[in-house]
Amino acid sequence: MNNISGDNALVYVDYTDLLAKILHALQNQQIFELSQRLHLQVNIDKIATHVAASQVQNPLGAGSRSARSATVNISPGSDARFQQLIGQISYCIRQQLSSLLGNTEIEEFVAGMVTSLQALTGKPSLNFNYNFSSHQGLQKQRLTLNNTNKEKTQAELLLKFHKLTITVQNTREFNRHLQQGINHYIDLHQIGATTAQREDLEYILEDLEKDPNSDFYRLQKIVDTETLGKLKKQAQVNYLEFLLENVSTSGSQNEKAIIYLKDLIRRLKLIETYIGNSAKPDGYYLVSYGGVSINYRDMFSRAEVYEILPIIPIIEGYLGENKDEEKGEIEFVFGIKLKFDGKVLSLGGKNVFDYHLNLLNPDSAEHKAALSNEATKETFVRKVLKIAFLYYFVFASRQDPTKKEYNLHQELEYDPIAAFDKHVLTKLQASDEPAKQKLFRDIYKYFQDLKVQVKINSLKVLLRNLLKYKSYFSTREFPLHISIKHGIVEENIESCFKNNTLFKPVLRTNPKENLKYIALGQAQSNTNALCTLPGKITFSDIHFFATDDKQTFTMDYDLRGINALPILMAPINNSICKRVYEQEFQSRKLIVFPYGEETNQYDSIRGFIHQFTYSLLAYICLHVLLKHQKMSFVPILRLHLHNKQDEAPTEKFLVSLSNVLSHLLNETHRSNSQGVDIRDLQSKGQYKIPNVMSSLYSVLPKKFTFTNTNYTPQLDKLAIIVVSSRESDRKWGAKDKISNLMGEIIGLRLMNNSVRVQLLTTFSDNYDDQQLFTHPAVIVENVAKLYKMGFRHFAYIAKAPYTSTLHMTQTEEDDGLFFMSREVIEALKAQHDDIKIYPMFFDKYYAIKPDKVKSSSLYIQDTVELTNLVEDSSKQSVVFFNLFNGIDVAGAEKYYNGVISYATLLNIYKGILDDEDIRTGLMYEGSLKNDILQYLTLFHFSRYQKAKEIHLKLDPYDKLIGDNSVGKLATFAHMQGKTEFNSLAFLTLVKKVLNVKE
């Protein structure tokens, strides 16, 4: 059943014992209950609870510790039994339902349970009613990056964007310079070596250069893969300097905040000085807490360490890169935004500063709980030690800003290094645990007494006002050198001979532990370096202006011929839920999946067994019910007794499961899922319910008609194929893996001068990496089906293949394009010579809105203008479309607007795709480009989920890509808590077994 070869180095899984116990429980208990032929109750929670109370063999066996993820790599000895048990469980479920229905066939019964969507049209209600109203006056407005307004009035500035460009030079010369640097190091530091020993060292270096698996190339790979992260960390500090240079110093209103900004920059630089002090041995930075040891030098050499600060730049949005092979120069372009001490929803809405102080406080409930949980303890302790270091370095002071005697300028004189070494480091180096807890308790109180939050608030106001400035900030370059420190070289000559290498053993361990040997400094010679690479960090201020080019259109649901089979997941034994259930659903035909609340208290073993069992049985039950039905819409509504911030594992699991089920059902039917917290329906129901129902029905077909424009689409059909993947099987520290490939296909058709947008299907299958990025058969098969349906134009979309390397080790065969690789595109094209495939990458960045944005959609599609965002001199990556919406985002991000940026690839697919087709469809002005980008915009609008004030949905791909994607939601912990189980991958395998069995 699997696409995966049984001959691999991954951990095997064997579900025989667990499946056998599920089958045995099913054979002894009827799961279906019919109420007045209106409600079919599916009591699989009882089976799952029963099996979870049993002794079940761990499916991972002895390999549980080595598996990072393990799901579908079925052991060869259990594969046949696995298929047999899945078939028997399915047969048992079908028999139970047939027995309940008597003389009525399952297919006939289900056909009687469906309701036409026309019959569900009405005032929005929890009982699946929705008004499906038409939305008039939707608008899209073109923006320009060039203010060409010749009138006396100033063109309206709608958005501005700070672009970060990171450039690294001389990458082609790295190996030669490294070799010269090592020879120079030997000359300087091995003075006592004999002539013969020197010659032997040179022979070792020659051997290292010849062997592609040697330490020489291992160091090259570390520089290749880890340098960009260091540069992004440096860019966070440089961005604060860039902003400081543009702050107005006139008047005294900004004086305090300017000092705080200067001090933040100063202290972040001192952190780099502190951990980079070559006079201190690595052991000096070793600290511990709760039995967990970490090295501060290693920890603070990493790229992401500053991101727990309340105010810090966040680099978000990969816009592209430009590689000049001849010069050996590579340029990366990113978006950047500021984090503004926003709310952390997982702790009652505390702001970032209070949230992290609370974690540091040993008396807090969160600290105590995390410290006592063995599964999360190590991660938590690392976080606590990181907070102690970073917050002390940045916020420790002798000054209370609320006191009369406050001396503002003394903030810049405080020495956090001396204070940290004296008051913090010595205690964390020791073994006195109560003293460490007292230290954390004292820091917690110390920062409250110092009124640190007052300083943060002052700085926040300054930076927010600065972002609103409408004048241009001049482009600013920060030149620098990337250096490889001498410290990576083995000093002991005997060790060099013994190990046949010139480098320290740490080079062969975790690459992150070698970050301390990569240093960034100002562009000047470094006497402590083996070699250096020059580079620069550049910030540019890009402005977007309004134009008079606008289009308006209407959006209508197209419900013709669509029937619905409503599904309800609810804790129906709870008194609150029981009341809502009886009030709202008594007369509605629906399938009910009850769940209980006691499972929230399960440990990791019982939790996994319960979730595995519930998932498997829910999918097979729906498979049995829908097997021979005409295409139906299956809305899955969840009733919750908690919200996203509450710790309710069962409800989080049901969010996961309902999304997985929807994705699988969408292959042959149509489905979507949505949840609602029912505790506050009386007070908030009139606002919540319309949005809940709008979101639930957001995947239904929609029809767009243009109203006040001469624009008439010409393209009769466009298929949008969106792809993503999620790991399902992998060992810790290993490259080999199995992934679940998932995707969806949207069809846009021109019908009577209107454009119909419809989800055509979803897909999923499991592959190893070789298959995944060369010949993903499930996509190839779907393209062939679309071809038979008359589609010839395909927008093939994946998230931008974010790169973290300098490409110094990349081979020609490894193009780093993943789903966009030459092999994949060639497989999709197959023998269809007349199809046009338009490869598209997307990513999101953030723009600042000085004033409220009124339009529901803003866009730029002028390719020449968009080169201001990223210009690739090799012309391989071209940004061709940017989409914005006018939504005011609540909370800390309300000063930014998200922007989706689309790019395509040229000069990549020679002999496979015609570049001229890509240029005509996405770059050159003309009717085909206008139609493709128009259809792409309409797809964004079709996915908007609110009931009123319709805007385009900024990220219509979030169900497949990102933190709320089905792939991410599908993962939960195996029995021992540290290995991931991918339920979408597993149920994809179950689907294939059932399809073959039947």
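**Concerning the overall build of the protein chain**
- Of regular secondary structure, the protein chain possesses 28 helices and 31 strands.
- Here the C-alpha atoms of the protein chain give a radius of gyration of 30 Å, agreeing with the 30 Å that 2.2 N^0.38 yields for 998 residues.
- The principal-axis extent of the C-alpha atoms belonging to the protein chain is close to 95 × 75 × 70 Å.
- Within the protein chain, the fraction of its 998 residues that count as buried is 58%.
- When the accessible surface of the protein chain is totalled, it reaches about 41,200 Å², and 47% of it is carbon and sulfur.
- Looking at the protein chain, you have 117 positive and 113 negative side-chain charges, and the mean spots of the two groups are 6 Å apart.

**Let's talk about empty space enclosed by the protein**
- For the structure shown, the criterion picks out six cavities of 30 Å³ or more.
- Considering the residues around the largest cavity, the lining is formed by 15 residues, among which Y260, L264, V394, F395 and K455 are closest to the centre.
- Counting only elements with at least two residues in the lining of the largest cavity, the list comes to α8 (255–275), α12 (377–395) and α15 (452–467).
- Of the residues assigned to the lining of the largest cavity, the class counts are eleven nonpolar, no polar and four charged.
- For the second largest cavity, the calculated volume is near 160 Å³.
- Contributing to the lining of the second largest cavity are 15 residues, with H663, N666, E744, T762 and K959 lying nearest its centre.
- Elements with a contribution of two residues or more to the lining of the second largest cavity: α19 (649–665), β20 (670–677) and β24 (754–768).
- Broken down by class, the residue content of the lining of the second largest cavity amounts to four nonpolar, eight polar and three charged.

**As for the pattern of salt bridges**
- With the rule as written, the count across this model stands at 38 salt bridges.
- Of the charged contacts, one joins D834 and R792 as a salt bridge, the two residues approaching to 3.1 Å between their closest N and O atoms. Of the two residues, D834 is situated in the loop between α23 (822–829) and β26 (836–848) and R792 in the loop between α22 (777–788) and β25 (793–799); the sequence distance between them amounts to 42 residues.
- Judged by relative accessible area, D834 falls into the partly exposed class, the value being 37%.
- The exposure class of R792 is partly exposed, given its relative accessible area of 26%.
- A single network of salt bridges, built from pairs that share partners, joins D282, R297, D298 and K516.

**Here we look at the domain arrangement of the protein chain**
- What the domain assignment lists for the protein chain is domain 1 (15–132 + 563–687 + 968–995), domain 2 (284–313 + 339–468) and domain 3 (701–943).
- Taken together, the contact pairs 25 residues of domain 1 with 19 residues of domain 3.
- Both faces considered, domain 1 and domain 3 share a buried interface measuring about 1,900 Å² in area, 43% of it formed by carbon and sulfur atoms.
- Linking domain 1 to domain 3 there are two salt bridges.
- Between D765 and K992 there is a salt bridge; the shortest N-O distance is 3.4 Å.
- Linking domain 1 with domain 3 are 25 residue pairs in polar contact (both at pLDDT 80 or more).
- Counting only elements with at least two residues in the side of domain 1 that touches domain 3, the list comes to β3 (67–69), α19, β31 (980–982) and α28 (983–997).
- Counting residues per element, the side of domain 1 that touches domain 3 draws most heavily on α28, which supplies six residues.

**With respect to the pairing of strand β6 (residues 157–168)**
- Among the twelve residues that make up β6, twelve are buried, leaving the element largely enclosed by the rest of the structure.
- Pairing analysis gives eleven bridges linking β6 to strand β15 (residues 529–557), with the strands arranged antiparallel. Bridged to F161 within β15 is I542.
- Across six bridges, β6 lies against strand β10 (residues 329–340) in antiparallel orientation. Residue K163 lies in a different strand from β10, and its bridge partner there is G335.

**A closer look at the pairing of strand β23 (residues 737–751)**
- In terms of burial, β23 is a largely internal element, eleven of the 15 residues being buried.
- Where strand β22 (residues 717–731) and β23 come together, 13 bridges link them in antiparallel fashion. Residue E727 lies in a different strand from β23, and its bridge partner there is S739.
- Counted between consecutive antiparallel strands, the loop separating β22 from β23 contains five residues, among which G733 sits at a positive phi close to 75°.
- Pairing of β23 with β24 involves 14 bridges; the strand directions are antiparallel. Within β24, the residue paired with M742 across the bridge is S764.
- Two successive antiparallel strands, β23 and β24, enclose a turn made up of two residues, where N752 displays a positive phi of approximately 55°.

**Focus: a negative patch on the surface**
- A cluster of acidic residues, E199, D200, E202, E206, D207 and D211, forms a negative patch at the surface.
- With respect to the helices and strands, E199 occurs in helix α6 (residues 195–210).

**Let's talk about the packing of aromatic side chains**
- In total, this model carries 65 aromatic pairs according to the counting rule given.
- Both rings, one in Y239 and one in F539, keep their centres 5.3 Å apart while their planes meet at 45°; by these two values the pair is tilted. Here Y239, found in helix α7 (residues 215–245), pairs with F539, found in strand β15; they are 300 residues apart in sequence, far enough to count as distant.
- Judged by relative accessible area, Y239 falls into the buried class, the value being 0%.
- Since its relative accessible area comes to 0%, F539 is described here as buried.
- Each ring, one from Y581 and one from F585, has its centre 6.2 Å from the other, and the planes form 35°; the classification is tilted. Within this pair, Y581 and its partner F585 are both found in helix α17 (residues 575–585), separated by four residues, close to a single helical turn.
- Sitting over the face of the ring of Y859, K140 holds its NZ or CZ atom 4.3 Å from the ring centroid.
- For R476, the ring lying beneath its charged end belongs to F478, and the centroid distance is 4.0 Å.

**Quick word on the environment of K959**
- Tracing the sequence through the fold places K959 in the loop between α26 (927–942) and α27 (966–969).
- Exposure remark for K959: the relative accessible area of 27% places this residue in the partly exposed category.
- Residues K959 and L969, spaced ten residues apart in sequence, show a C-alpha to C-alpha distance of 9.5 Å.
- With residues up to four places along the chain from it excluded, the contact list for K959 reads N659, N672, S965 and V966.

**Considering the side chain of S632**
- With respect to the helices, strands and loops of the structure, S632 is situated in the loop between α18 (604–626) and β19 (633–640).
- Classification of S632 by relative accessible area gives buried; the value is 7%.
- Not counting residues within four places of it along the chain, the set of residues in contact with S632 comprises V114, N563, H669 and R670.

**Things to note about unusual backbone geometry**
- With phi around 65°, N753 is a residue other than glycine that occupies positive phi space.
- Following the sequence through the fold, N753 ends up in the loop between β23 and β24.
- Taking the relative accessible area as the measure of exposure, N753 reaches 53% and is therefore exposed.
- Residue N907 is not a glycine yet carries a positive backbone phi of 60°.
- Turning to its location among the elements, N907 is positioned in the loop between β29 (896–905) and α25 (915–923).
- Overall, N907 belongs to the partly exposed group, its relative accessible area being 41%.

**Notes on the nonpolar core**
- Formed by 162 residues in total, the largest nonpolar core has its most connected members in L616 and Y796.
- Considering every element that reaches this core, the biggest residue donor is α18, with 14 residues.
- Of the domains in this structure, domain 1 (15–132 + 563–687 + 968–995) and domain 3 (701–943) are the two that each give at least three residues to this core.
- Residues contacting L616, with those up to four places away along its chain left out, are L19, I22, I86, I89, F986, L987 and V990.
- Core analysis: the next-biggest nonpolar cluster, separate from the first, contains 122 residues, F242, L385, L480 and Y846 among them.

What counts and what doesn't
Residues numbered from 1 in each chain as written. Predicted model: local features only at pLDDT ≥ 70, side-chain atom pairs only at ≥ 80, totals over all residues. Heavy atoms only, no water. Helix = DSSP H or I, 4+ residues; strand = E, 2+ residues; numbered from the N terminus. Rg over C-alpha atoms; globule rule 2.2 N^0.38 Å. Buried < 20%, exposed > 50% of the residue type's maximum accessible area, 1.4 Å probe, protein only. Areas by Shrake-Rupley, 256 points an atom, 1.4 Å probe, with all protein chains shown as cover. Lys, Arg positive; Asp, Glu negative; His and termini not counted. Charge placed at Lys NZ, Arg CZ, Asp CG, Glu CD. 1 Å grid on protein atoms, 1.4 Å probe; cavity = no way out; pocket = protein on both sides within 12 Å on 5 of 7 lines; lining within 4 Å. Points joined across faces, edges and corners; volume = space filled by probe spheres on them. Nonpolar A, V, L, I, M, F, W, Y, C, P; charged D, E, K, R; others polar. Salt bridge = Lys/Arg side-chain N within 4 Å of Asp/Glu carboxyl O. Domains from an automatic or database assignment. Contact = heavy atoms within 4.5 Å. Buried area = accessible area lost by both parts, 1.4 Å probe. Polar contact = N/O pair within 3.5 Å; in protein donor to acceptor, adjacent residues only side chain to side chain. Pairing = 2+ DSSP bridges. Patch = residues over 30% accessible without salt bridge, like charges linked within 9 Å, V, L, I, M, F, W, Y side chains within 5 Å. Phe/Tyr/Trp six-rings, centres within 6.5 Å; stacked < 30°, edge-to-face > 60°. Lys NZ or Arg CZ within 6 Å of the ring centre and 35° of its normal. Core = buried A, V, L, I, M, F, W, Y, C linked by side-chain atoms within 4.5 Å.

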